[in-house]
Amino acid sequence: MLAFCFLGEILHHVLPLPVPASVYGLVLLLAALNFKLVKLEDVKEVGTYLTGIFPLLFVPAAAGVMELWAEMGEMLLPILIAIIPVTVLVMVSAGKTTQALTGCKNKEADNDAAAE
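Rules and cut-offs
- Residues numbered from 1 in each chain as written.
- Predicted model: local features only at pLDDT ≥ 70, side-chain atom pairs only at ≥ 80, totals over all residues.
- Heavy atoms only, no water.
- Helix = DSSP H or I, 4+ residues; strand = E, 2+ residues; numbered from the N terminus.
- Contact = heavy atoms within 4.5 Å.
- Patch = residues over 30% accessible without salt bridge, like charges linked within 9 Å, V, L, I, M, F, W, Y side chains within 5 Å.
- Areas by Shrake-Rupley, 256 points an atom, 1.4 Å probe, with all protein chains shown as cover.
- Salt bridge = Lys/Arg side-chain N within 4 Å of Asp/Glu carboxyl O.
- Phe/Tyr/Trp six-rings, centres within 6.5 Å; stacked < 30°, edge-to-face > 60°.
- Buried < 20%, exposed > 50% of the residue type's maximum accessible area, 1.4 Å probe, protein only.

Caption draft 1: Spatial organisation of the environment of Leu33. In this fold, Leu33 is placed in helix α2 (residues 21-34). A sequence separation of ten residues divides Leu33 from Val43, and the C-alpha atoms of the two residues are 9.6 Å apart. Ignoring any residue separated from it by four or fewer positions in sequence, one finds Leu33 in contact with Val38, Lys39, Leu40 and Val43.

Caption draft 2: Representation of a nonpolar patch on the surface. Together, Val65, Trp69, Leu76, Leu80, Ile83, Ile84, Val88 and Val92 make up a nonpolar patch on the protein surface, roughly 700 Å² of accessible area in all. Looking at the nonpolar patch element by element, the count peaks at six residues for helix α7 (residues 76-115). Among the secondary structure elements, Leu76 is positioned in helix α7.

Caption draft 3: Representation of the packing of aromatic side chains within the structure. Applying the stated rule across the entire model yields one aromatic pair. Their ring planes at 85° and their centres at 6.2 Å tell us that Phe54 and Phe58 sit as a pair that is edge-to-face. Owing to a relative accessible area of 41%, Phe54 belongs among the partly exposed residues under this scheme.

What follows is the structure in structure tokens.
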């Protein structure tokens, strides 16, 4: 995992794109997993640990929001108008993408089963 983070940092400094280094690292890890260069068992323990501490990682952001609550209170309506449609859009697009990807795999499995 650390190697992919490091490679992501290198790509971030080399490529002139506005993409965070962590995204480069995740894409490289995904490619390595898909091409079977890295086994899932090799990164499963670290991934489970990181997803287990996710709530802890969001504490500083929540504290910052609480600190700015008075200023945000004045802009609550515009914030909600921006957040609600974007949240719905993200949920719908993530759901449709998941359905499309799982549908493709289910069709492939059905075709393989029918061929046998």
